[in-house]
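Residue-level listing of the chains:
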Amino acid sequence: MHNRQPIPSCWDQRLAGMALVMALCAAGAWPLAAAPPEKSPLPPDHAEKLAKGQELFSQQVRKVLIDQCVRCHGGEKTKADFDLTTRDGLLRGGNSKKPAVVPFKAKESRLYLFVTHQEKPHMPSQADKLSDAQIASIEKWIDFGAPYDKPLIDKGTTTAKKPLIVTDEDRNFWSFRPLPRSVEFRG
Ligand code: HEC
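As the structure is a computational prediction, the values presented were derived from the model and not from experiment. (Residues numbered from 1 in each chain as written. Predicted model: local features only at pLDDT ≥ 70, side-chain atom pairs only at ≥ 80, totals over all residues.)

Participant: Is there a simple way to explain the overall build of the chain in this structure?
Facilitator: Assigned secondary structure in the chain consists of 6 helices and 0 strands. Mapped in sequence order, the helices and strands of the chain form the string α-α-α-α-α-α. Split into buried and exposed, the 187 residues of the chain put 18% on the buried side. (Helix = DSSP H or I, 4+ residues; strand = E, 2+ residues; numbered from the N terminus. Buried ≥ 20, exposed ≤ 12 C-beta atoms within 10 Å, placed from the backbone.)

Participant: I tried to follow the nonpolar core on my own but got confused; where do I start?
Facilitator: Burial of nonpolar side chains together is a common tendency in soluble globular proteins. Ranked by size, the top nonpolar core spans 23 residues in total, and within it Ile 138, Trp 141 and Ile 142 carry the most contacts. Among the elements of the structure, helix 2 (46-68), helix 4 (110-115) and helix 5 (132-143) are those that each provide at least two residues to this core. Ranked by the residues each element gives to this core, the list is headed by helix 2, at 4 residues. Here Trp 141 is in contact with Gly 53, Leu 56, Phe 57, Val 61 and Ala 146, once residues within four sequence places are set aside. (Core = buried A, V, L, I, M, F, W, Y, C linked by C-beta atoms within 7 Å. Contact = placed C-beta atoms within 7 Å.)

Participant: Hey, could you run me through the site of the ligand in this one?
Facilitator: By nearness alone, 24 residues border the ligand, and Cys 69, Cys 72, Gly 94, Ser 96 and Pro 124 come closest of all. Sort the elements by how many residues they give to the shell around the ligand and helix 4 lands first, with 4 residues. (Near = placed C-beta within 6 Å.)

Participant: Looking at this structure, how should I read helix 5?
Facilitator: Along an α-helix, residues three or four apart share an orientation, since each turn contains 3.6 residues. Between its first and last C-alpha, helix 5 extends 16 Å over 12 residues, near the 16 Å set by a 1.5 Å rise per residue. Along helix 5, the residues classified as buried are Ile 138, Trp 141, Ile 142 and Asp 143. Of the surrounding elements, those touching the buried residues of helix 5 are helix 2 and helix 4. One or two steps after helix 5, the chain reaches Gly 145, where phi turns positive at roughly 105°. (Expected span 1.5 Å × (residues − 1).)

Participant: Help me out: how do you make sense of the environment of Gly 94 in this one?
Facilitator: One can find Gly 94 in the loop between helix 3 (87-92) and helix 4. Overall, the presence of 17 C-beta atoms within 10 Å leaves Gly 94 in the partly exposed class. Setting aside anything within four residues of it in sequence, one finds Gly 94 in contact with Ala 80, Asp 81 and Phe 82.

Participant: Would you mind showing me how to read helix 2 here?
Facilitator: Spanning 23 residues, helix 2 covers only 28 Å between terminal C-alpha atoms, well under the ideal 33 Å at 1.5 Å per step. Taken residue by residue, helix 2 has Gly 53, Gln 54, Phe 57, Val 61, Val 64 and Leu 65 as its buried positions. Residues of helix 2 that are buried sit in contact with helix 5.

Participant: Any chance you could explain the packing of helix 2 against helix 5 here in plain terms?
Facilitator: Helix packing geometry: the angle between the two helix axes and the distance between the axes. Running from amino to carboxyl end, helix 2 crosses helix 5 at an angle of 145°, the nearest separation of the two axes being 10 Å. Helix-helix and strand crossings are classified by hand; for helix 2 and helix 5 the assignment is left-handed. The segment helix 2 lies against helix 5, with Gly 53, Leu 56, Phe 57, Gln 60, Val 61 and Val 64 engaging Gln 134, Ser 137, Ile 138, Lys 140 and Trp 141. Split into classes, the residues belonging to the contact of helix 2 with helix 5 amount to 6 nonpolar, 4 polar and 1 charged. (Axes fitted to C-alpha atoms, helices over the stretch in contact; angles between N-to-C directions. Left-handed = near helix turned anticlockwise from the far one by under 90°. Nonpolar A, V, L, I, M, F, W, Y, C, P; charged D, E, K, R; others polar.)

Participant: Explanation requested: the environment of Tyr 112 in the structure shown.
Facilitator: Residue position: Tyr 112 is located in helix 4. When residues no more than four places from it in sequence are discounted, the contact partners of Tyr 112 are Ala 106, Lys 107, Ile 138, Glu 139 and Ile 142.

Participant: Help me understand unusual backbone geometry in this model?
Facilitator: Glycine aside, residues mostly have negative phi, and peptide bonds are mostly found in the trans state. The peptide bond linking Lys 120 to Pro 121 adopts the cis configuration, its omega dihedral lying at 0°. The step from Met 123 to Pro 124 runs through a cis peptide bond, and the omega angle for that step is -5°. The backbone of His 117 shows a phi angle near 60°, a positive value even though the residue is not glycine. With respect to the helices and strands, the residue His 117 is situated in the loop between helix 4 and helix 5. Positive phi, close to 55°, is recorded for Ala 146, a residue that is not glycine. For Ala 146, the position within the fold is in the loop between helix 5 and helix 6 (168-171). Taking the number of C-beta atoms within 10 Å as the measure of exposure, Ala 146 has 27 and is therefore buried.

What follows is the structure in structure tokens.
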């Protein structure tokens, strides 16, 4: 008998808890949803776009950024504190504290306005304007959400040859240890 009682009261608690959570969510989420106009919702077909964007990135855009931008933005140098070797850095922007790219919106992206010379500073700095084809693929890539397949440079490894270092652990490896007496060759 006594084991019937907890069921309805447990339900009551759950319902009360759920109502509370929902109320808190509504209260918390409402101003968030209403606040920043630039945080527009993802386009409904964003997954498809990002997939196309990643393909375009690996086939075309990646090379343009590496050839034309990385030496000043995350490679040898990081001018204006802008590092575009990762998508995080791209979205964060540099000294301006403004994102360089607004995903899915090329025409609102500062990077696009700079490479098309619609706004200053023109990029790449101190170099010829990118070709129309290069600009077109950057535009499409941003409209597809500006996804990366992987960072533009792998900072974990260097291309320079590392010196071979033999650690104590290596030295302990069986083939490095002196032969035991019993198997030593005699003359
Ligand atoms: C020779 C070096 C150099 C190259 C190459 C270069 N940039 Fe720049 N970039 C700069 C300098 C310097 C600034 C700061 C200029 C200023 O604020 O007047 C800058 C600023 C920027 C900014 C603004 C960052 C911010 O938020 O303040 C963006 C975006 C940018 N570059 C994109 C690019 C892109 C995209 C490429 C390649 C197509 C590129 N840059 C190639 C030197 C370079």
